[in-house]
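Next come the chains, spelled out residue by residue.
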Amino acid sequence: SAANSSEVSPTIAKETLDYQKIYNQIADILEDNDWDDGSNGPIFLRLAWHAAGTYDKESKTGGSNGATMRFAPESDHGANAGLKHARDKLESVKQKNPAISYSDLWSLAGVVAIQEMGGPTIPWIPGRKDADVATACSPDGRLPDASQGPSHVRDIFYRMGFDDREIVALVGAHALGRCHTDRSGYHGPWTFSPTTFTNSFFKELLDRKWVDKKWKGPKQFVDKESGDLMMLPADMALLQDKNFKVWVEKYAKDEELFCKDFAAAFHKLEELGVPRSGNEKVYHFKPTGEN
Ligand code: ZEM
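Note that this is a predicted model, so its numbers are computed, not measured.

Of the consecutive residues Ala72 and Pro73, the connecting peptide bond is found in the cis state with omega at 5°. The topology assignment puts Pro73 in the loop between helix 3 (41-52) and helix 4 (83-96). Its identity is not glycine, yet Lys60 carries a phi of approximately 55°, on the positive side. Structurally, Lys60 can be placed in the loop between helix 3 and helix 4. Since its relative accessible area comes to 62%, Lys60 is described here as exposed. Positioned with a positive phi, Ala67 is a non-glycine residue whose angle comes to about 50°. With respect to the element layout, Ala67 can be found in the loop between helix 3 and helix 4.

In structure tokens, the structure reads:
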């Protein structure tokens, strides 16, 4: 209320956090992982994406502000299976920096993951506030369903406010990480370099012959030649739709363009639903290799 805000003492300096230091602390635990491909980078990125990708531009609900995935029912949504590993892993950084909100911590972890795995610099702005009640949880069904095709993918990302070009750029994150049968039910990595940020998702998608995987699991694709790589039905949507495919082809040819478009789209994703005045300081972090 107005009365409350006027009671805030101007003599109490607002705590300023050293975000590069927190960035470095997250970078320090990135390889504290002895399963998967030896990196928490991909799952930190998936956490940041699932926190933000619940945004609905019409109702202006969802998004990374609030960190509502800490609470059931959102923590139990099928799409979020496995993300507890990432939330728990980041707890040590929260303990060292109690003043950072979980919502800032998770979105910053997405930036650290991308940059430390060799991706572009992602501009980042702090100031997200955690919701303290579970009633603020996003409804289930806002994140994309991997079993669906182009129109579903488009509907989901248009709801957040993205266009076709941004959609394709964002899904290029599937250069990183893998699917886990005990989480999503799908299996395998998209690329042979799942801990390095490259445009290889688009190259593999275009260049390989993709066939139905013969197994008892959900419908997915496997590359005919090696049998080691995978695509989700929703990944194949980017080839099936001609307006998506234009961008798959551009990004497969031009990694610099992909990195530039991805950085802008990912920054936009992390800003969805976060109240801003326009005067905020924008941070550009140095990868730890350059400190
Ligand atoms: Zn993903 N993603 N994603 N994604 N994703 C998975 C894993 C990862 C979709 C999807 O269903 C799945 C974006 C878009 C879309 C990452 C980042 C981003 C998995 C496997 C599935 C099923 C989960 C598991 O089993 O562990 C669909 C349908 C998408 C849109 C059409 C966007 C956008 C992303 C970031 C910008 C990442 C990094 C992973 C790997 C996680 C890991 O643990 O290795």
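In this section: the nonpolar core. Counting residues in hydrophobic clusters, the biggest one holds 84 residues, and the most contacted among them are Ile26 and Phe44. Ranked by the residues each element gives to this core, the list is headed by helix 5 (residues 102-116), at nine residues. Taken together, domain 1 (13-142 + 266-290) and domain 2 (150-265) each give at least three residues to this core, which thus spans both.

For the rest of this paragraph, the subject is the site of the ligand. The ligand sits among 22 residues. The nearest are His174, Gly177, Arg178, His180 and Ser184. The contact in question runs from a nitrogen atom of the ligand to an N or O atom on the side chain of Trp49, over 3.2 Å. His180 places a polar side-chain atom, nitrogen or oxygen, 2.6 Å from an oxygen atom of the ligand. Those elements that place two or more of their residues in the shell around the ligand are helix 3 and strand 1 (178-179).

As a further point, take the packing of aromatic side chains. All told, the structure shown has 18 aromatic pairs when counted by the stated rule. Consider the rings of Tyr19 and Tyr283, whose centres lie 5.2 Å apart with planes at 75°: the pair is edge-to-face. Remark: Tyr283 occurs in the segment after helix 11 (255-271) and Tyr19 occurs in helix 2 (residues 19-28); sequence separation between them is 264 residues. Classification of Tyr283 as buried rests on a relative accessible area of 18%. Feature note: the residues Phe197, Phe201, Phe202, Trp247, Tyr251, Phe258, Phe262 and Phe266 constitute an aromatic cluster, connected by ring pairs.

Cut-offs and rules
Residues numbered from 1 in each chain as written. Predicted model: local features only at pLDDT ≥ 70, side-chain atom pairs only at ≥ 80, totals over all residues. Heavy atoms only, no water. Helix = DSSP H or I, 4+ residues; strand = E, 2+ residues; numbered from the N terminus. Buried < 20%, exposed > 50% of the residue type's maximum accessible area, 1.4 Å probe, protein only. Core = buried A, V, L, I, M, F, W, Y, C linked by side-chain atoms within 4.5 Å. Domains from an automatic or database assignment. Near = heavy atom within 4 Å. Polar contact = N/O pair within 3.5 Å; in protein donor to acceptor, adjacent residues only side chain to side chain. Phe/Tyr/Trp six-rings, centres within 6.5 Å; stacked < 30°, edge-to-face > 60°.

Any functional reading would require information beyond the geometric quantities listed.
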